[in-house]
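Structure at a glance
Each chain, written out:
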Amino acid sequence: MSLIVGVDDYSSESDVIIIPSALDFVSQDEMLTPLGRLDKYAASENIFNRYHLTVCLLTFIVPFLFCFVLTLTEPTVRAELMEQVPHIAMFCQENRPSIPYAFSKYLLPIVVRYLADQNNQVRKTSQAALLVLLEQELIERYDVETKVCPVLIDLTAPDSNDDVKTEAVAIMCKMASMVGKDITERLVLPRFCEMCCDCRMFHVRKVCAANFGDICSVVGQQATEEMLLPRFFQLCSDNVWGVRKACAECFMAVSCATSQEVRRTKLSTLFINLISDPSRWVRQAAFQSLGPFISTFANPSSSGQYFKEEDDKNSEDHASIGLSSLSLSYAAAQVEVLSAALRASSLNPQEETEASIGKGTDSQTELTSSDQQNFKPILSDIVPLIGDTVEVRSNFCDVVPQALLDQYLSMTDPSRAQTVDTEIAKHCAYSLPGVALTLGRQNWHCLKDTYETLASDMQWKVRRTLAFSIHELAVILGDQLTAGDLVPVFNGFLKDLDEVRIGVLKHLHDFLKLLHLDKRREYLYQLQEFLVTDNSRNWRFRAELAEYVVFWVLVTISEDDCLPMDQFAVHLLPHLLHLASDRVPNVRVLLAKTLKQTLLEKEYFLNSANSHQEAVEQTIMALQMDDDSDVKYFASIHPASTKIADDAMSTASSTY
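Each value, and the rule that gives it
- Residues numbered from 1 in each chain as written.
- Predicted model: local features only at pLDDT ≥ 70, side-chain atom pairs only at ≥ 80, totals over all residues.
- Heavy atoms only, no water.
- Helix = DSSP H or I, 4+ residues; strand = E, 2+ residues; numbered from the N terminus.
- Buried < 20%, exposed > 50% of the residue type's maximum accessible area, 1.4 Å probe, protein only.
- Contact = heavy atoms within 4.5 Å.
- Core = buried A, V, L, I, M, F, W, Y, C linked by side-chain atoms within 4.5 Å.
- Salt bridge = Lys/Arg side-chain N within 4 Å of Asp/Glu carboxyl O.
- pLDDT = per-residue confidence, 0-100.
- Axes fitted to C-alpha atoms, helices over the stretch in contact; angles between N-to-C directions.
- Parallel < 35°, antiparallel > 145°, perpendicular 65-115°, else oblique.
- Nonpolar A, V, L, I, M, F, W, Y, C, P; charged D, E, K, R; others polar.
- Phe/Tyr/Trp six-rings, centres within 6.5 Å; stacked < 30°, edge-to-face > 60°.
- Polar contact = N/O pair within 3.5 Å; in protein donor to acceptor, adjacent residues only side chain to side chain.

**Details of the overall build of the chain**
Along its length, the chain carries 36 helices and 4 strands. Relative to its 656 residues, the chain shows a buried fraction of 51%. Long-range contacts, defined here as pairs at least 24 residues apart, represent 70% of the contacts in the chain between residues at least 6 apart.

Here it is, written out as structure tokens:
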């Protein structure tokens, strides 16, 4: 008797009825071609269908892609593929539970394979892709050690192609900071040291020299002094001037990774050799690095000051001086010692970036007797010190080797402009705050004449550089030295060209608040003089200038102890109201904000009817009828709807 599945026996005489199984039905999907099903699910309104389809596709496509890539002969296709790899890797990362090994097994081998491609464009795109993958932490540490580093090591072998070898060394150097100290020290450092001595290719040695400081900062002091410094000495005496120039450019970073003893006894002499190099290009680079190198001799543990590297890497990669309580150990601090405001010296007149400097009290630069004792030079007989030939005004004169300071002070010598660099004075001005901070206010007399020479330099770019940093120097020197030595220079800058004046006016409040109250009031009465420009048609400059000055006025009147409101109304208010007729709309916008949001909220104008209050109200009425829509808006809105503190330095008008 056979068994019939799906049959019910109603009676012995009934017909056999077969009930169809679900497997007997042919679904619509089965009627479609594979491409049709793909199209259907791709257009599905169900997000899970689309997501599942994508994951399944990637699961099958990636292995197919790997096989397909191996047969690619067109370089542009391979290069385009490399440009898409970071995006595919990100998708793999986001869907790792579904495709756990897709990137590591299939995509990463393609990237490292193309590092040795015969086509230059393919190699470049694969290198860029690899760095992006490392930066985004899309490559597992194990894969870095087993799949990336071994390939790079092989590519830097003696028999490797010259171009490929040079590029591989550059990749190794760039990835050091991304993979960390352990991998760099174990896998990269030995081959890097070998490449520093590549006798056949100076291009390889030049790449090593250019990235030497980065490698030092990753591996730390011990590895730097034991393994890297001997190679650095060789590179600094290389027979190719381009290699020596690269060494000069990274000298500060190398110095930061060494101890004070090594810095003083070994690196100082080495640097003097670079400054005296036969090649003018090497001397130029050395003098540009001289100030930063001197600044690495600072001892933050004693002075309570430290240097920090800026995270902001926008258009310029300069650093700021941080003056605050010591929060970082010297070994951990990655020193970038140039003053933040000085970055403006390398930008266009209207494109200065905001300076960054923490404010410290006078006591922060004072050193206790125990600090001074701990900071005595270790081998003072090797390199003569400042205190050996300069008048001693404190016990803290032996900070910087004498030879380095002498070279720095010589940067204002006119002959240097002819034999080294026509802009050497600007480089001297650029690094002066860092040098001053290193020497301390006790040794300001060593720099005073140089500073005054720079302040009267014929090149306005030199004076402009000092103007943008004078408020920082004032913090370093303290109120007494500022009043005696910096105020005369400050006054001179106020009467200088617009390109110079903007530097001091941009930080007017930062500088003046360091002066005594009576002196601050004297500058308040010069408000109208600050608003005079060389070129009245330069509306962007005038708008910027007005912002700085008005902001300073606002901060000043908010401090009750600086200038009483009745005196402000008599001496400053008329000049402020005069801006209502300024031809630059942004200036009138700023005035409208000031009057509506600040002045009319002051008790002096709220509780007493006087001629000054009437003048303010009349001016506001005039601004409410202004031709510019933004001026009308800010002259009409309620004061509580916005805050002048947030807007004063960032006026946004349709006229920009």
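Still more ground to cover, so stick around.
**Quick word on helix 11 (residues 212–219)**
Summarising burial for helix 11: 6 of the 8 residues are buried, a large majority. Burial in helix 11 covers these residues: F212, G213, I215, C216, V218 and V219.

**Regarding the nonpolar core**
In terms of nonpolar packing, the biggest core is built from 133 residues, with F212, F232 and W552 touching the most fellow members. Element by element, the count of residues in this core is highest for helix 24 (residues 460–494), at 15 residues. Residues contacting W552, with those up to four places away along its chain left out, are L508, H509, L512, Y523, L524, L527 and F530. Counting residues in each nonpolar core, the second largest holds 36 residues, with M82, L115, V164 and A168 among its members.

**Digging into the pattern of salt bridges**
If you walk through the whole model with that rule in mind, you get 21 salt bridges. The salt bridge partner of K124 is E167, with a shortest N-O separation of 3.7 Å. Residue K124 is located in helix 6 (residues 120–135), and its partner E167 is located in helix 8 (residues 162–179); the two are separated by 43 residues in the primary sequence. Among the residues examined, K124 registers a relative accessible area of 41% and is labelled partly exposed. Judged by its relative accessible area of 10%, E167 falls in the buried class. A salt bridge links K245 to E249, with the nearest nitrogen and oxygen atoms 2.5 Å apart. In this pair, K245 and E249 both sit in helix 13 (residues 241–249), 4 residues apart, roughly one turn of the helix. Of the residues examined, E249 reaches a relative accessible area of 48% and is grouped as partly exposed.

**Some remarks on the confidence of the model for the chain**
A low pLDDT score tells you not to read the predicted coordinates there in detail. Put simply, the chain has an average pLDDT of 76, and 70% of its residues get 70 or more. Confidence, read as mean pLDDT per element, is least for strand 4 (residues 320–322) in the chain (34) and greatest for helix 13 (97). Counting contacts from residues 1–14, a segment whose pLDDT is below 50, to residues more than four positions away or on other chains yields 9 contacts. In this model, residues 301–397 is a region of pLDDT below 50 whose contacts with residues beyond four sequence positions or in other chains number 209 contacts.

**Quick notes on helix 10 (residues 202–210)**
Taken as a whole, helix 10 has its buried residues at V204, R205, V207, C208 and A209. Against helix 8, helix 9 (181–195), helix 11, helix 12 (221–236) and helix 13 lie the buried residues of helix 10.

**Details of the packing of helix 12 against helix 13**
Between helix 12 and helix 13, the least distance of the axes is 8 Å, while the angle of their chain directions is 130°. Regarding the angle of helix 12 to helix 13, the classification is oblique. Note on element contacts: helix 13 touches helix 12 through V243, R244 and C247, opposite F232, L235 and C236. Taken together, the residues of the contact of helix 12 with helix 13 sort by class into 5 nonpolar, no polar and 1 charged.

**What about the environment of V132?**
Tracing the backbone through its elements, the reader meets V132 in helix 6. A relative accessible area of 32% means that V132 is categorised as partly exposed. For the pair formed by V132 and M175, sequence separation is 43 residues and the distance between their alpha carbons is 9.9 Å.

**Focus: the environment of V262**
Mapping V262 onto the fold places it in helix 15 (residues 260–275). Looking at V262, the relative accessible area reads 10%, which means it is buried. V262 sits 37 residues away from E225 along the chain, and the two C-alpha atoms are 8.1 Å apart. Apart from the residues within four sequence positions on either side, V262 is in contact with E225, L229 and L267.

**Regarding the packing of aromatic side chains**
Tallied over the full model, the rule gives 12 aromatic pairs. Summarising the aromatic geometry, the rings of F490 and F511 are spaced 4.2 Å apart at their centres and angled 10° between planes, so their arrangement reads as stacked. Here F490, found in helix 24, pairs with F511, found in helix 26 (residues 508–512); they are 21 residues apart in sequence, far enough to count as distant. The exposure class assigned to F490 is buried, which follows from its relative accessible area of 0%. Here Y633 and F634 contribute two aromatic rings whose centre-to-centre distance is 5.0 Å and whose plane-to-plane angle is 80°, an arrangement assigned as edge-to-face. Look at Y633 and you get partly exposed, because its relative accessible area is 46%. Here F634 falls in the buried class, since its relative accessible area comes to 11%.

**Examining the side chain of S259**
Tracing the chain through its elements places S259 in the loop between helix 14 (251–256) and helix 15. Under the relative-accessibility criterion, S259 is labelled buried at 19%. Within the structure, the side chain of S259 is placed 3.3 Å from the backbone nitrogen of V262, a separation counted as a polar contact.

**Focus on the environment of R141**
Residue placement: R141 occurs in helix 7 (residues 141–155). Remark: the alpha-carbon pair of R141 and V179, spanning 38 residues in sequence, is separated by 7.9 Å. Once residues lying within four places of it in the same chain are set aside, the contact partners of R141 are V179, D182 and I183.

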